[in-house]
Amino acid sequence: MRSITGISPLSTTLCRFVGPAFTMRYVPQPEDLNVSADLGSSTSVVLATTEAIARGDVLVLDMQRDGSVGAIGDVLATRFIDCGVVGVVADGGMRDVRELRDMDLPVFCAGAAAPPSPATLMAIASQQPIGCGGVVVFPGALIVADEDGGGGVPAHPARETAEQASEKEKQDTWTRRKVPEGGGIRGRYPPVAAHLEMYQRWRARQRG
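Residues numbered from 1 in each chain as written. Predicted model: local features only at pLDDT ≥ 70, side-chain atom pairs only at ≥ 80, totals over all residues. Heavy atoms only, no water.

Some points on the packing of helix α1 (residues 45–52) against helix α2 (residues 74–83)
Packed helices, taken two at a time, are described by the angle between their axes plus the distance between the axes.
Phase 1 of the analysis: Here α1 crosses α2 at 25°, and the two axes come no closer than 9 Å. Compared by their axis directions, α1 and α2 come out roughly parallel. Of α2, the residues touching α1 (which contributes V46, T49, T50 and E51) are L76, R79, F80 and C83. (Axes fitted to C-alpha atoms, helices over the stretch in contact; angles between N-to-C directions. Helix = DSSP H or I, 4+ residues; strand = E, 2+ residues; numbered from the N terminus. Parallel < 35°, antiparallel > 145°, perpendicular 65-115°, else oblique. Contact = heavy atoms within 4.5 Å.)

Written out as structure tokens, the structure reads:
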């Protein structure tokens, strides 16, 4: 899994989620094309996204790493919550961050920004491969986020990766419980064969 850089959660108490990516791509706003009223247009990509995104999806925004503007405010966030979106990841800014922190929608972004996105960006397409924080994200890729950050896993090995991550978490938890027993961490982290065998026996008892 590659980590998406330059982002952090708006709320550290609401930042864990996993789900398939629904992507949206922005490009620099052309000087001769004013789409500040984009949501009022029948061809609005943002509006279409609020209608097409599915329950359980993670909205991933390619904002050209532009943190000077905010893509989502409290109204759009309310709509995405109603759609069942489990999280938002963007390499740009967000508006209304005070309200967003209190809403039931985990958001990872570059920070707060007062101007709306049309000030410098134009949403041009959805459900296409995008770049977000230096990482390519394909529609449907598994997006995973927690207090340490967020990243993407290609869809085809997602189940295998999830199983490996779950097993690694169990192993680390077991090791953490062993450390206070004395002897330091040498040979335990990472585990040598003897300690790995002890862990496997413990796992077998747990399964039993």
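Having seen it, we continue.
Here we look at α2
Phase 1 of the analysis: Those residues of α2 not exposed but buried are L76, A77, F80 and C83. Buried positions in α2, seen along its axis, are confined to an arc of 115° and lie on one side of it. Summarising the geometry of α2, the exposed residues directed more than 90 degrees from the buried face are V75 and D82.
Phase 2 of the analysis: Against α1, β4 (58–62) and α3 (97–101) lie the buried residues of α2.
Phase 3 of the analysis: Positive backbone phi, at 90°, marks G84, one or two positions downstream of α2. (Buried < 20%, exposed > 50% of the residue type's maximum accessible area, 1.4 Å probe, protein only. Arc of directions from axis to C-beta.)

With respect to the pattern of salt bridges
Phase 1 of the analysis: Applying the stated rule across the entire model yields 4 salt bridges.
Phase 2 of the analysis: Among the salt bridges present, the one from E197 reaches R201, with a minimum N-O distance of 3.2 Å. Residue E197 and its partner R201 are located together in helix α5 (residues 193–207), separated by 4 residues, close to a single helical turn.
Phase 3 of the analysis: Residue classification places R201 among the partly exposed positions, given a relative accessible area of 44%. (Salt bridge = Lys/Arg side-chain N within 4 Å of Asp/Glu carboxyl O.)

What about empty space enclosed by the protein?
Phase 1 of the analysis: A full pass over the atoms with the stated rule returns 1 cavity of 30 Å³ or more.
Phase 2 of the analysis: Counted as a void, the largest cavity has a volume near 40 Å³.
Phase 3 of the analysis: Together, L10, S11, L14, L100, R101, L105, P106 and V107 line the largest cavity.
Phase 4 of the analysis: Of the residues belonging to the lining of the largest cavity, the class tally is 6 nonpolar, 1 polar and 1 charged. (1 Å grid on protein atoms, 1.4 Å probe; cavity = no way out; pocket = protein on both sides within 12 Å on 5 of 7 lines; lining within 4 Å. Points joined across faces, edges and corners; volume = space filled by probe spheres on them. Nonpolar A, V, L, I, M, F, W, Y, C, P; charged D, E, K, R; others polar.)

Notes on the packing of aromatic side chains
Phase 1 of the analysis: Within this structure, the stated rule accounts for 3 aromatic pairs.
Phase 2 of the analysis: Cluster of aromatic residues (ring-pair linked, three or more members): W174, Y199 and W202. (Phe/Tyr/Trp six-rings, centres within 6.5 Å; stacked < 30°, edge-to-face > 60°.)

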